[in-house]
Amino acid sequence: MTIRQVLLLLLLWMWLPHSCHTEMLFRRTPDLRPKSFGGRASGNDGKAIHRQKRGWMWNQFFLLEEYTGSDYQYVGKLHSDQDKGDGSLKYILSGDGAGTLFIIDEKTGDIHATRRIDREEKAFYTLRAQAINRRTLRPVEPESEFVIKIHDINDNEPTFPEEIYTASVPEMSVVGTSVVQVTATDADDPSYGNSARIIYSILQGQPYFSVEPETGIIRTALPNMNRENREQYQVVIQAKDMGGQMGGLSGTTTVNITLTDVNDNPPRFPQSTIHLRVPESSAVGTAIGSVKATDADTGKNAEVEYRIIDGDGTDMFDIVTQKDTQEGIITVRKPLDYETRRLYTLKVEAENTHVDPRFYYLGPFKDTTIVKISVDDVDEPPIFSRSSYLFEVHEDIELGTIIGTVMARDPDSASSPIRFSLDRHTDLDRIFNIHSGNGSIYTSKPLDREISQWHNLSVIASEISKP
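Numbers given for residues are sequential positions, taken from 1 along each chain in its written order. Local features are withheld for residues below a pLDDT of 70 in this predicted model, meaning they are given only at 70 or higher, and side-chain atom pairs are given and counted only at 80 or more; totals for whole chains, interfaces and linings count all residues. Think of the side-chain values as coming from all heavy atoms in the structure, minus any hydrogens and water.

The protein chain is annotated in an unreviewed UniProt entry as CAD10 protein of Sakesphorus luctuosus. UniProt positions are given in the numbering used here, feature names are shortened, and annotations may be inferred rather than shown by experiment. Listed in UniProt under the heading Subcellular location (unreviewed entry), the comment for the protein chain reads: "Cell membrane".

Right, dumping it as structure tokens:
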């Protein structure tokens, strides 16, 4: 295509009808001016023809929050390319805060903010601008919408939702065990700078605990933390914005951490030998004493079960575990006799009922003790050699004749003389009598078979030493 052909096409395009519009320039400073894009062509008369190509230009305004200057804060400038600078145009502002928070110089289009603005209350404002002819009051520009965005400054410190947290972690936890996560929030703009970028650090609680700088997760930092040595810890966590850099704002919170119990302590008897005494007259089932093993753990981790595992009294005594007191109650299983045996020995074991396999290496989780039980003598009544006696006698026997003898002994080791007597309620007629020293029964009145064929007598044996 030749140069002549190009010029002809350009001339033809210039004479075709085109829509023409003006432009409004939103600019930050008055130094900016709308740029014009134009072309040059030759008309039929040979003179150059200038054609203005216009287009809308849009820009977002930015305003710094918390402005502390004495004058109104400059926001930006609205400008129409129809403005010849002769004051014939009037700029009108409407929308969020127009006329109160934001004012416009109706001649120049300069916008100012009348007071300090807090981005945390409102992050942006949407306004509308229009330019009209002062004389005709007709718009020379269509109404256009624009946004004033508030730029953030670091004016908010990180805050925790709770002033005090409570948390727990099992004792003996491995290093790095997660305890709790604390999270602070910052009202500044997270998308602008580092004002809301929070870094966590520990101010109090080292060397026992640490905190992850980015997440706020608190973890154990020492191995083998023992609840029996120390149960409560107070940790102070700081959250600092600006990525933790100098000049950042900070907030703190307190975390009270409790070590919870695990079964890492076996039961222990305080004595290797325990002595108990029991009267020989104690009935079967009678509790004669108790044993107790101590356990530094708490709750179910301190629960024990008692049993008799050896000794020469395993058939004479039982042991029962008292759950509420964690004691082993020893009871009589069979009747005791001081004269038969005076001392028994038991080997008693106490064993944890809930053992944690992780701590087998600290075991065994049981202990034993020796229980020596002394049987005390009780002053027992005489015992007859037989529970009943049967004597036969002729009715014509002479008075004073011995018809039979009863025998009794004192079961006590220190034997006492025995005295015999008849219970007169069983011999109202006093037909018989008994020698108190030897238990011989004799007649004291004549016998008559026709009157009574049987006579039932009750004999009393008692120690002479007794009152």
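After presenting the structure, the write-up continues.
(A) Molecular detail of the sheet that holds strand E23 (residues 343-352). For two strands to pair, DSSP has to find at least two bridges joining them. Under the DSSP-based scheme used, a helix requires at least four consecutive residues in state H or I and a strand at least two consecutive residues in state E, with every element numbered from the N terminus. If you walk across this open sheet you meet the four strands as E18-E24-E23-E20, and the pairing is mixed. Pairing within the sheet leaves two strands with one partner each, and these edge strands are strand E18 (273-279) and strand E20 (304-311). Adjacent strand axes in the sheet meet at a mean angle of 30° when their direction is disregarded. Relative to strand E24 (residues 366-376), E23 is paired through nine bridges, and the arrangement is antiparallel. Bridge pairing in E24 links Glu 349 to Thr 368. Each axis is a line fitted through C-alpha atoms, and for a helix only the stretch in contact is used; angles between axes span 0 to 180 degrees, taken between their N-to-C directions.

(B) Local environment of the packing of aromatic side chains. In summary, the pairing rule links any two rings of Phe, Tyr or Trp, Trp by its six-membered ring, whose centres are within 6.5 Å, and it sorts them by plane angle into stacked for under 30 degrees, edge-to-face for over 60 and tilted for everything else. As enumerated under the stated definition, the model contains eight aromatic pairs in all. Between Phe 317 and Tyr 344, the aromatic rings sit 5.4 Å apart at their centres with planes inclined by 75°, giving edge-to-face as the arrangement. Within this pair, whereas Phe 317 is found in strand E21 (residues 317-322), its partner Tyr 344 is found in strand E23, the two being separated by 27 residues in sequence. Looking at Tyr 344, the relative accessible area reads 6%, which means it is buried. When accessible area is computed with a 1.4 Å probe and restricted to protein chains, residues below 20% of their type maximum are described as buried, those above 50% as exposed, and intermediate ones as partly exposed.

(C) View of the pairing of strand E11 (residues 164-170). Alternating residues of E11 divide into Tyr 165, Ala 167 and Val 169, all buried, and Ile 164, Thr 166, Ser 168 and Pro 170, none buried. Across seven bridges, the pairing between E11 and strand E17 (residues 250-260) is parallel. Along E17, the bridge assignment pairs Pro 170 with Thr 260.

(D) Focus on unusual backbone geometry. With an omega dihedral of 5°, the bond running from Gln 206 to Pro 207 counts as a cis peptide bond. Mapped onto the elements of the fold, Pro 207 is located in the loop between strand E13 (199-204) and strand E14 (209-211). Cis geometry is adopted by the peptide bond preceding Pro 364, which originates at Gly 363 and carries an omega value of 5°. The topology assignment puts Pro 364 in the loop between E23 and E24. Its identity is not glycine, yet Leu 137 carries a phi of approximately 60°, on the positive side. Residue position: Leu 137 is located in the loop between strand E9 (124-133) and strand E10 (144-151). Judged by relative accessible area, Leu 137 falls into the exposed class, the value being 59%. For Met 242, which is not glycine, the phi dihedral falls at a positive 60°. With respect to the element layout, Met 242 can be found in the loop between strand E16 (232-240) and E17.

(E) Structural detail: the sheet that holds E16. Strand order in the open sheet formed by four strands is E11-E17-E16-E13, with mixed pairing between adjacent strands. Here the strands that pair on one side only, and so sit at the sheet edges, are E11 and E13. Across the sheet, the mean angle from the axis of one strand to that of its neighbour is 35°, orientation sign disregarded. One ladder, built from five bridges, connects E13 with E16; its direction is antiparallel. Residue pairing across strands places Gln 204 opposite Val 236, the latter belonging to E16.

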